[in-house]
Amino acid sequence: MSLVVGLDQRQGSSLAVVGGKGYNLINLASAGFPVPPGFVVTAEAYRLFAESAPWLVEAVDEFDYEAPERLRDQCTAVRARLAEVALPSDVAEAVREAFRRLGDVESVAFAVRSSSTLEDLAQAAFAGQHDTYLNVRGTENLFDKIRDCFVSLWGDRAVLYRHRQGFSQRQSHMAVVVQQQVFCDRAGVGFSIHPVTGQLGRLVIDANYGLGESVVSGECEVDHFELDKGNLEIVVRSIGHKDRMIAPTGDGVEERAVAAPDVDRPCLSDEEIRTVSQLLKRVEAHYGWPQDIEWGFQGGQLFLLQSRAVTTIQPRYTRDESAERFPNPMTPLTWDFLSDVFRQSLAHSLNLMGLPPLQEDWFKTFDHYVYGNQNAVELLTSYRPMRSTSLRELDREIPDLRRRYAWVSDLPVHWARDLDRYLLRLGRLSAVPLEGLSTEQLWQHILDIQQAATDYFLPNIAISITQSFLHRLLFGLVAMVVGRDRALEVLDGLMAACETKTAVVNRELHELAQVAAGNDALRQELVERGGKAFWDAARTGEYAEFAQRLQRFLEDHGHREMDMDYSQPTWSAAPWVVLDNITLMLRQPSQEDPAATARHMRLKYSEMEHEFLSTVPEDLRFFYRELIRLARAYTALDDLEHYQTTRVNPLARQAAMALGRRMVEQGILDDPADLFFFRREDLGQLMANFPPADKTPYRDMVYQAKQSYEVARNTTPPWSLTEPAADPDPDPASTDVLRGLPGSPGNVTASCFVVHGPDDFGRFPPGAVLVARTTNPAWTPLFYSAAGLITESGGPLSHGAVTAREMRLPAVMSVRSAMSLLQSGQEVTVDGTQGLVLLKTD
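None of the values given here were measured: they were computed from a predicted structure.

Each value, and the rule that gives it
Residues numbered from 1 in each chain as written. Predicted model: local features only at pLDDT ≥ 70, side-chain atom pairs only at ≥ 80, totals over all residues. Heavy atoms only, no water. Pairing = 2+ DSSP bridges. Helix = DSSP H or I, 4+ residues; strand = E, 2+ residues; numbered from the N terminus. Axes fitted to C-alpha atoms, helices over the stretch in contact; angles between N-to-C directions. Salt bridge = Lys/Arg side-chain N within 4 Å of Asp/Glu carboxyl O. Buried < 20%, exposed > 50% of the residue type's maximum accessible area, 1.4 Å probe, protein only. Polar contact = N/O pair within 3.5 Å; in protein donor to acceptor, adjacent residues only side chain to side chain. Parallel < 35°, antiparallel > 145°, perpendicular 65-115°, else oblique. Left-handed = near helix turned anticlockwise from the far one by under 90°. Contact = heavy atoms within 4.5 Å. Nonpolar A, V, L, I, M, F, W, Y, C, P; charged D, E, K, R; others polar. Phe/Tyr/Trp six-rings, centres within 6.5 Å; stacked < 30°, edge-to-face > 60°. Lys NZ or Arg CZ within 6 Å of the ring centre and 35° of its normal. Arc of directions from axis to C-beta. Disulfide = S-S within 2.5 Å. Lys, Arg positive; Asp, Glu negative; His and termini not counted.

> Help me understand the sheet that holds strand E4 (residues 132-136), please; the structure alone is not making it clear to me.
Pairing within the open sheet is antiparallel, and its five strands lie in the order E1-E2-E5-E3-E4. The sheet terminates laterally at strand E1 (4-6) and E4, the two strands that pair on one side only. Taken over all neighbouring pairs, the strand axes of this sheet differ in orientation by 20 degrees on average, direction set aside. Bridge count between E1 and strand E2 (residues 38-41): three bridges; the pairing is antiparallel. Each bridged residue has a counterpart across the sheet, and for Val4 the counterpart in E2 is Val41.

> Which parts of the structure should I look at to understand the pattern of salt bridges?
Side chains that differ in charge, positive against negative, can pair when their charged atoms come close. Applying the stated criterion to the full structure yields 46 salt bridges. A salt bridge links Glu284 to Lys229; the shortest N-O distance between them is 3.1 Å. One end of the pair, Glu284, is in helix H9 (residues 270-287); the other, Lys229, is in the loop between strand E8 (223-228) and strand E9 (234-238), and 55 residues separate them in sequence. Accessibility expressed as a relative area gives 16% for Glu284, which makes it buried. Of the residues examined, Lys229 reaches a relative accessible area of 14% and is grouped as buried. In this structure, Glu511 engages Arg549 in a salt bridge whose closest nitrogen and oxygen atoms are separated by 3.8 Å. In this pair, Glu511 sits in helix H18 (residues 501-517) while Arg549 sits in helix H21 (residues 544-557), placing the two residues 38 residues apart along the sequence. For Glu511, a relative accessible area of 37% translates into the label partly exposed. Shared partners join several salt bridges into a network, and the residues in it are Glu93, Arg96, Glu97, Arg100 and Arg101.

> What is the right way to look at the environment of Thr439 in this model?
Position of Thr439 relative to the elements: it lies in helix H15 (residues 439-457). The sequence separation of Thr439 and Gly6 amounts to 433 residues, and the corresponding C-alpha distance is 64 Å. Engagement of the side chain of Thr439 in a polar contact is seen with the side chain of Arg662, the distance being 3.4 Å.

> Just to check I follow, could you spell out the pairing of E2 for this structure?
Side chains Gly38 and Val40 project from E2 onto one buried face, and the interleaved Phe39 and Val41 project onto a second face that is buried too. Where E2 and strand E5 (residues 174-180) come together, four bridges link them in antiparallel fashion. Paired with Gly38 across the bridge in E5 is Gln179.

> Would you mind showing me how to read the packing of helix H14 (residues 406-430) against helix H16 (residues 460-482) here?
Packed helices, taken two at a time, are described by their axes: the angle between them and the distance between them. The geometry of H14 relative to H16 is characterised by a closest axis approach of 11 Å and an angle of 140 degrees between their N-to-C directions. It follows that H14 is oblique to H16 by the angle criterion. Seen from above, H14 lies across H16 with left-handed handedness. Residues Trp407, Val408, Leu411 and Trp415 of H14 form the contact with H16, whose own contacting residues are Asn460, Ala462, Ile463, Thr466, Phe469 and Leu470. Of the residues belonging to the contact of H14 with H16, the class tally is eight nonpolar, two polar and no charged.

> Explain the side chain of Ser114 here, please?
For Ser114, the position within the fold is in strand E3 (residues 110-116). The class for Ser114 is buried, based on a relative accessible area of 1%. Reaching out from Ser114, the side chain makes a polar contact with the backbone oxygen of Asp131 at a distance of 2.6 Å. There is a polar contact of 3.3 Å between the side chain of Ser114 and the side chain of Ser152.

> How do you make sense of the packing of aromatic side chains when you look at a structure like this?
A ring pair, where both rings are aromatic, is described by two values, the distance of the centres and the angle of the planes. Summed over the entire model, instances satisfying the criterion amount to 29 aromatic pairs. A ring pair is formed by Phe326 and Phe363, whose centres lie 5.4 Å apart and whose planes are at 85 degrees; its orientation type is edge-to-face. A residue pair is termed long-range when its members are at least 10 positions apart, and Phe326 in the loop between helix H10 (322-325) and helix H11 (332-352) and Phe363 in strand E15 (residues 363-366) qualify at 37 residues. Judged by its relative accessible area of 3%, Phe326 is buried. Among the aromatic residues, those joined into a cluster by ring pairs are Phe326, Trp335, Phe342, Trp362, Phe363 and Phe457. A cation over an aromatic ring shows up here: Arg81 above the ring of Trp55, its NZ or CZ 3.9 Å from the ring centre.

> Any chance you could explain the sheet that holds strand E23 (residues 827-831) here in plain terms?
Remark on secondary structure: sheet strands pair via backbone hydrogen bonds, oriented parallel or antiparallel. Within the open sheet, the eight strands sit side by side as E17-E24-E23-E19-E20-E21-E22-E18. Their pairing is mixed. Looking at which strands have only one partner, the edges of the open sheet turn out to be strand E17 (737-739) and strand E18 (741-744). Neighbour to neighbour, the strand axes of the sheet diverge by 30 degrees on average, direction disregarded. Here strand E21 (residues 788-791) runs beside strand E22 (residues 811-813); their pairing, made up of two bridges, is parallel. Within E22, the position partnered with Leu789 by the bridge is Ala811.

> Just checking my understanding: could you explain helix H19 (residues 520-529) for this structure?
Given 3.6 residues per turn, any residue in an α-helix points the same way as the ones three and four places further on. Listed in full, the buried residues belonging to H19 are Leu522, Glu525 and Leu526. Projected down its long axis, H19 carries its buried residues within an arc of 95 degrees, all on one side. Across H19 from its buried face, at more than 90 degrees, point the exposed residues Asp520 and Glu528. Tucked inside the fold, the buried residues of H19 contact H18, helix H20 (531-536), H21 and helix H22 (576-587). Measuring from the side-chain oxygen of the N-cap residue of H19 to the backbone nitrogen of Ala521 gives 3.1 Å; that N-cap residue is Asn519. Where H19 ends, the next residue or the one after it, Gly530, has phi of about 90 degrees, a positive value.

> Got a minute to help me understand the state of the cysteines in this structure?
Among covalent bonds in proteins, the disulfide is the one between the sulfur atoms of two cysteines. For the structure shown, the criterion picks out zero disulfides. Looking at Cys75, it has no disulfide partner, and the nearest cysteine sulfur is the one in Cys149, 17 Å off. Of the residues examined, Cys75 reaches a relative accessible area of 0% and is grouped as buried. Among the cysteines around Cys184, which has no disulfide bond, Cys267 carries the closest sulfur, lying 12 Å off. Accessibility expressed as a relative area gives 7% for Cys184, which makes it buried.

> How should the environment of Ser430 be read in this particular structure?
The topology assignment puts Ser430 in helix H14. Since its relative accessible area comes to 47%, Ser430 is described here as partly exposed. Sequence separation between Ser430 and Gln654 is 224 residues; the distance between their C-alpha atoms is 9.4 Å. At 2.8 Å, the side chain of Ser430 and the backbone oxygen of Gly427 are in polar contact.

> Please clarify how the side chain of Arg113 should be interpreted in this entry.
Mapped onto the secondary structure, Arg113 falls in strand E3. In this structure Arg113 is buried but unpaired, with Glu213 as the nearest side chain of opposite charge at 4.1 Å. With residues near it in sequence (within four places) discarded, Arg113 still touches Lys21, Asp131, Thr132, Leu134, Cys149, Ala175, Val176, Val177, Gln179, Glu213, Glu294 and Gln306.

> Where do I start with unusual backbone geometry in this structure?
With the exception of glycine, the majority of residues adopt a negative phi angle, and the majority of peptide bonds are in the trans configuration. Going from Phe690 to Pro691, the amide bond is cis rather than trans, its omega being -5 degrees. Inspection of the secondary structure assignment puts Pro691 in the loop between helix H26 (680-688) and helix H27 (696-713). With phi around 50 degrees, Asp367 is a residue other than glycine that occupies positive phi space. Tracing the sequence through the fold places Asp367 in the loop between E15 and strand E16 (369-373). Taking the relative accessible area as the measure of exposure, Asp367 reaches 54% and is therefore exposed. Phi at His368 is positive, roughly 75 degrees, even though this residue is not glycine.

Just geometry here; none of it tells us what the structure is for.
Here's what the structure looks like:
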């Protein structure tokens with residue numbers, strides 16, 4: 001393994017070899033960014049250095065992480081002993097050779113920076129934890145500073161940081177970046193998003209005279225600029241009283257006074273600010289993720305000194321993302337379990353994708369409603385995995401894309417392998433006789449269900465994010481070939497007839513409806529009674545063939561959820577919902593056979609793929625074909641993983657209800673379903689001391705949670721937790737146009753019908769415009785009867801929009817407050833092309 005790697009040697013460099021800082025600089029230099037020339041003393045050189053101190057392993061194993069003062073003394077002792085260790089001769093010779101390639105080492109000054117193999121990772125930045133030395137001159141001095149960087153690996157702050165981040169001390173190694181020193185006359189830092197507010201459309205630049213350490217350290221006043229990322233207009237300008245700066249000396253740096261005329265004068269011109277901003281945008285585009293850079297001007301030349309991913313995205317919680325997934329309030333116990341699953345999946349998924357972690361949760365609850373971190377959502381939905389803007393650039397980038405995104409091809413295979421393990425675990429859990437368990441065993445059974453769901457769900461957020469960016473990527477690449485005007489039409493054709501699990505379930509539901517339609521008496525009963533009354537009257541037994549087919553359907557798909565809340569029954573516990581869906585189909589005078597629709601869509605896809613690929617340059621045709629295949633595969637996989645995820649719902653509900661019955665027997669609860677109003681932590685404490693000597697506190701906490709939940713059910717939640725709330729129930733007469741997002745093209749005028757949940761399915765009138773907070777796959781039969789769709793949430797890739805396009809129904813998504821603005825029976829015009837809902841005015 002090499003002891004030294006040049007910054008111009010991308011081949012063979014890796015984080016494990018050159019550390020985080022070195023890897024980023026090699027990446028940036030190879031991409032043509034203005035990085036000062038230099039080299040990296042590799043982690044292999046550090047390993048040889050550490051082997052010269054055989055006592056180090058034992059000293060590290062004795063670190064006392066629970067006693068900060070003792071740990072500080074231990075680390076100080078380790079560093080003192082290492083400072084006496086000379087660089088191995090092989091390392092010194094490799095460094096001398098690298099010096100010679102850069103010029104006369106005795107006359108050139110160098111910057112020497114630590115580059116830990118755990119530094120600047122997606123998982124942790126390690127900012128400021130290791131040493132940097134500026135204006136270093138002379139061979140022996142350089143050797144000393146390289147060794148000092150090695151030694152800085154064992155600073156107590158860095159050691160404790162690694163421990164808290166879960167990194168192994170023994171696996172920690174240090175590389176060192178050595179670059180020609182740039183004697184900056186102005187320098188600073190830049191963020192490609194606002195680091196405080198999280199605004200994605202803001203660039204932030206801080207600057208001072210001299211070297212950038214005065215800005216990084218935060219010990220001097222600086223000039224502060226904020227720019228609109230789109231047009232680079234300066235929107236905030238704050239000029240600091242810059243009386244101090246860091247400047248080079250003969251063999252180091254020192255703090256000096258700024259010349260009096262310059263103290264309150266901007267250190268950058270507007271043109272220089274834009275130049276730094278353009279560099280910042282280019283670096284962000286290169287990585288596809290917000291960046292924090294260090295930069296400096298020497299004379300009129302701008303240098304890029306460092307770049308790292310921004311690892312803290314300030315949250316902005318809104319209902320934009322969550323209203324589609326979680327339209328209704330959530331019970332506390334369900335949310336505590338789900339949020340833990342989401343938290344672990346998000347961390348796992350972002351790491352799998354090579355993206356930095358989110359310090360804040362993606363979802364949080366407020367008054368029982370779930371809110372999504374919209375800054376994170378917008379960041380991930382704008383994630384661009386490629387840099388090409390033309391077919392010629394794409395041809396050159398394909399090898400790098402294949403290398404960086406090999407996991408995209410691997411993930412579906414790994415997910416399918418792990419699915420078997422999940423289903424087997426659920427099978428074993430479903431076979432457990434709940435009534436034979438002790439209360440303690442029943443609680444453990446619930447925790448086992450949670451663990452099975454958590455383990456299975458780990459990569460599933462990566463599947464959803466990847467499905468989204470594949471669609472965006474394919475849209476951009478299609479537009480390169482056919483132009484943006486035709487791109488959406490072509491993309492819809494290429495995505496037609498994806499064989500999703502939802503489509504399979506809907507075909508089986510249609511077959512059930514055909515069985516019912518073939519029996520005049522059964523058809524009449526369902527149409528006249530409705531599904532709920534038919535089921536309550538136990539009439540299914542009178543129709544043997546239909547009952548048998550219905551039972552098989554529920555055995556196969558009874559886990560299908562109507563709400564993600566475990567407190568709500570699935571199809572198997574509320575089979576009348578399936579009967580209501582069948583009734584909706586029977587009330588339609590005629591409807592297209594889903595199988596025939598699927599054949600039509602497959603034909604459309606085949607024709608569109610052939611037509612489109614014939615226009616793609618031949619040398620790119622295979623790449624396009626593979627991308628189309630992956631986009632279709634992830635569309636099906638995103639639907640399938642949700643279908644399989646909800647298999648846990650009936651198990652979780654059954655186990656919780658069984659525990660709830662134990663609580664009723666002990667007089668802690670009045671209803672088994674009240675168990676869902678515990679917080680997980682409180683329930684765990686109760687289980688540890690069951691039965692409790694005093695039941696009153698538990699009864700009170702459940703009562704209060706249930707009361708607040710009931711209030712939430714009858715309340716329209718504010719759309720944002722950080723922005724001023726809009727009028728939750730504006731006067732419908734005050735406007736005749738509601739705006740949303742185009743979901744499915746077309747135009748239709750009809751009366752609307754507001755559907756709050758499955759209880760409204762049986763009353764939905766054929767030919768009405770469906771108005772809902774959101775829809776999920778269990779709502780699909782409503783689309784057969786609907787003339788159009790309006791939802792309060794979702795976008796062009798949501799279930800409602802995709803299904804509406806398949807069924808050629810005009811749809812407008814994300815119409816804020818649609819449920820309160822519109823009333824059943826009100827006539828509306830749905831313009832799905834422009835994303836408008838027009839209200840009839842007298």
